[in-house]
Amino acid sequence: MSACLPGLGQIYNHKYWKAPVIYAALGGLGYWGITNQKKYRYYSDNLRYANDEDLNTTNATLYNNDQLIAQKRYYRKFRDISIMAGALVYIVNIIDANVDAHLRTFDVSDDLSLQLNPYSNLDYNNRLQAGVSIKLKFK
């Protein structure tokens, strides 16, 4: 379900608090990506305007060609990072819903227990025996 609509698998598994976290992460990364794309496009257009022969288009920034190229690369890098981070959040969302659905029926009742206790005893020669006692209880 989370593959079709992010957060839907978490809602189906009754982990309602996870859905807003997923939407906030995807929304924040989407906003960051769109903002960086707009800046990338702005500096890319101004670089093209600075190097074309058209007198009607001019560079609206105070940057020279090298600075425009640096700005363009900077915003392209962070746009790409936001896309990769968004894909990672989407994949983790799917994995989380799937694992949570499979562990939903896992029995964690009090009938399952593991106890570690210190052990000491005197043997027939009055020598001390020490160790750890492990008890594993099932139903």
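Fair warning: this is a prediction, and the values are worked out from it, not measured in the lab.

A few words now on a nonpolar patch on the surface. Taken together, the side chains of Met 1, Leu 5, Leu 8, Ile 11, Tyr 12, Tyr 16 and Tyr 23 make up a nonpolar region of the molecular surface, amounting to roughly 710 Å² of accessible area. Mapped onto the elements, Ile 11 comes out in helix 1 (residues 8-12). Residue classification places Ile 11 among the partly exposed residues on the basis of a relative accessible area of 34%.

Counting buried residues in strand 1 (residues 113-122) gives 0 out of 10 residues, a small share hidden from the surface. In this sheet, strand 2 (residues 128-137) lies alongside strand 1 in antiparallel orientation, the contact comprising 10 bridges. Counterpart to Ser 120 in the pairing with strand 2 is Ala 130. Between the end of strand 1 and the start of strand 2, which pair antiparallel, lie 5 residues, with Asn 126 showing a positive phi angle near 60°.

A few words now on helix 2 (residues 18-51). Helix length check: helix 2 (34 residues) gives 49 Å between terminal C-alpha atoms against 50 Å at 1.5 Å per residue, within 8%. Residues of helix 2 that are buried: Lys 18, Ala 19, Ile 22, Leu 29, Gly 33, Asn 36, Tyr 40, Tyr 43, Ser 44, Asp 45, Asn 46 and Leu 47.

Cut-offs used in this document
- Each chain carries its own residue numbering, running from 1 in the written order of its sequence.
- Residue-level local features of this predicted model are given only where pLDDT is at least 70; pairs of side-chain atoms are given and counted only at 80 or more, and the full residue set underlies all totals for whole chains, interfaces and linings.
- Processing note: side-chain calculations cover all non-hydrogen atoms of the structure and skip hydrogens and water entirely.
- Residues with no salt bridge and a relative accessible area higher than 30% make up the patches, which join like charges within 9 Å and nonpolar side chains (Val, Leu, Ile, Met, Phe, Trp, Tyr) within 5 Å.
- Note on areas: Shrake-Rupley with a 1.4 Å probe; residue coverage comes only from the protein chains shown.
- Salt bridge criterion: a side-chain nitrogen from Lys or Arg within 4 Å of a carboxyl oxygen from Asp or Glu.
- Working definition: helices are DSSP H or I runs of at least four residues, strands are E runs of at least two. Numbering for both runs from the N terminus.
- Exposure classes here rest on a 1.4 Å probe applied to the protein chains alone. A residue is buried below 20% of its type maximum, exposed above 50%, and partly exposed in between.
- Only strands that DSSP links by at least two bridges are regarded as paired with each other.
- One less than the number of residues in a helix, times 1.5 Å, gives the span that helix is expected to have.

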